[in-house]
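Below, each chain spelled out in residue letters.
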Amino acid sequence: MDTKDILKHIDHTLLKAVSDRESIKKLCEEALEYETASVCIPPSYVKYAKETFPELNVCTVIGFPLGYCTTAVKAFEAADAVKNGADEIDMVVNIGDVKNGDFDKVTEEIAAVRKAVGTKILKVIIETCYLTEDEKIALCGCVTKGGADYIKTSTGFGDGGAKIEDIELFKKHIGENVKIKAAGGIRTREAMEEFLNAGCDRIGTSGAKNIINN
């Protein structure tokens, strides 16, 4: 797979709590140079990134990384991110609701965030490392019925990251209009190619520069 073909599927990511403005600036400059799909950055830097790099596709995270704030908070946070210039929103589901088997509530929350972001791209992080297979399958339904554009494996802050077997499972159970984003532990060219070949449309990684000149 050509390097440019890989890079156009990457959300160039920096979500560490200690990320400073200079680090975000460097990330954005790299994204423009590498022509990645987006940068994925903390909500507090969205306005800065969009004003400084207006041509850049800016993604941010909502309810991150634990997902257990209320629906109203997530919807407000998402709307605020869009107001500040976010083009894409990656939200974390309420895993407590999942464990309680309250999948209708999960769907309603996704739909509420969908409404808050309007036509912007919405990705839903289900944090696969904490889930049973049945829960993953049920969440494919929630993401589809809630109107999201993507189902995403992981925050990168949980006990585990993306696995190929989860991508294969998603492909069997998501709606035809839902795409797949893999994230968490994907840092090498080989891993990126493997996930793209498995059916992912996006890769969330801080390792984009690892494949440059390789």
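Please refer to the structure higher up on the page.
Residues numbered from 1 in each chain as written. Predicted model: local features only at pLDDT ≥ 70, side-chain atom pairs only at ≥ 80, totals over all residues. Heavy atoms only, no water.

**Quick look at the overall build of the protein chain**
For the protein chain, the count of helices and strands is nine helices and eight strands. The globule rule puts the C-alpha radius of gyration for 214 residues at 17 Å, and the 16 Å found for the protein chain is close to it. With 214 residues in all, the protein chain has 52% of them scored as buried. For the protein chain, contacts bridging at least 24 residues in sequence account for 68% of all contacts bridging at least 6. Looking at the protein chain as shown, the accessible area adds up to about 9800 Å², and 49% of this sits on carbon and sulfur atoms. With 28 positive and 35 negative side-chain charges, the protein chain shows a spacing of 3 Å between the two charge centroids. (Helix = DSSP H or I, 4+ residues; strand = E, 2+ residues; numbered from the N terminus. Rg over C-alpha atoms; globule rule 2.2 N^0.38 Å. Buried < 20%, exposed > 50% of the residue type's maximum accessible area, 1.4 Å probe, protein only. Contact = heavy atoms within 4.5 Å. Areas by Shrake-Rupley, 256 points an atom, 1.4 Å probe, with all protein chains shown as cover. Lys, Arg positive; Asp, Glu negative; His and termini not counted. Charge placed at Lys NZ, Arg CZ, Asp CG, Glu CD.)

**Let's talk about the packing of aromatic side chains**
Scanning the model with the defined rule gives one aromatic pair in all. Look at F64 and F157: their rings are 5.2 Å apart centre to centre, the planes differ by 85°, and that puts the pair in the edge-to-face class. One end of the pair, F64, is in the loop between strand 3 (58-62) and helix 4 (71-83); the other, F157, is in the loop between strand 6 (150-152) and helix 8 (164-173), and 93 residues separate them in sequence. The class for F64 is partly exposed, based on a relative accessible area of 22%. Since its relative accessible area comes to 45%, F157 is described here as partly exposed. Lying over the aromatic face of Y48, R21 brings its terminal NZ or CZ to 5.0 Å of the ring centre. Cation over ring: K123 sits above Y150, and NZ or CZ is 5.8 Å from the ring centre. (Phe/Tyr/Trp six-rings, centres within 6.5 Å; stacked < 30°, edge-to-face > 60°. Lys NZ or Arg CZ within 6 Å of the ring centre and 35° of its normal.)

**What to know about the state of the cysteines**
Evaluated as defined, the whole model comprises zero disulfides. In this structure C28 is not part of a disulfide, and its nearest cysteine sulfur, from C40, lies 11 Å away. We note that C142 lacks a disulfide partner, and the nearest cysteine sulfur, in C140, lies 9.1 Å from it. (Disulfide = S-S within 2.5 Å.)

**Let's talk about the sheet that holds strand 8 (residues 202-205)**
Strand order in the closed barrel formed by eight strands is 1-2-3-4-5-6-7-8, and the pairing between neighbours is parallel. Between one strand axis and the next, the sheet turns by 25° as a mean value, whatever way the strands run. Bridge count for strand 2 (residues 38-41) against strand 3 is three bridges, and the pairing is parallel. Looking at strand 3, one finds that I41 is bridged to T60. (Pairing = 2+ DSSP bridges. Axes fitted to C-alpha atoms, helices over the stretch in contact; angles between N-to-C directions.)

**Digging into the environment of D90**
Position of D90 relative to the elements: it lies in strand 4 (residues 88-92). The spacing of D90 and K105 is 15 residues in sequence and 18 Å in space, taken between C-alpha atoms. Once residues lying within four places of it in the same chain are set aside, the contact partners of D90 are C40, C59, T60, V61, I62, K123, I125, K152 and K181. At a separation of 3.0 Å, a polar atom in the side chain of D90 contacts the side chain of K123. (Polar contact = N/O pair within 3.5 Å; in protein donor to acceptor, adjacent residues only side chain to side chain.)

**A closer look at the packing of helix 6 (residues 103-117) against helix 7 (residues 133-145)**
Two elements in contact, helix 6 and helix 7, have axes separated by 8 Å at closest approach and are oriented at 35°. In terms of crossing hand, the pair formed by helix 6 and helix 7 is right-handed. Counting all contacts with helix 6, which are made through F103, V106, T107 and I110, the residues of helix 7 involved are E135, A138, L139, C142, V143 and K145. (Left-handed = near helix turned anticlockwise from the far one by under 90°.)

**Description of helix 9 (residues 189-197)**
When we look at burial in helix 9, the residues that qualify are R189, A191, M192, F195 and L196. What you see down the axis of helix 9 is that its buried residues fit within an arc of 165°, all on one side. Facing away from the buried surface of helix 9 by more than 90 degrees, the exposed residues are E190 and N197. Buried residues belonging to helix 9 abut helix 1 (3-7), strand 1 (10-13), helix 8, strand 7 (179-183) and strand 8. Downstream of helix 9 by one or two residues, G199 has phi in the positive range, about 125°. (Arc of directions from axis to C-beta.)

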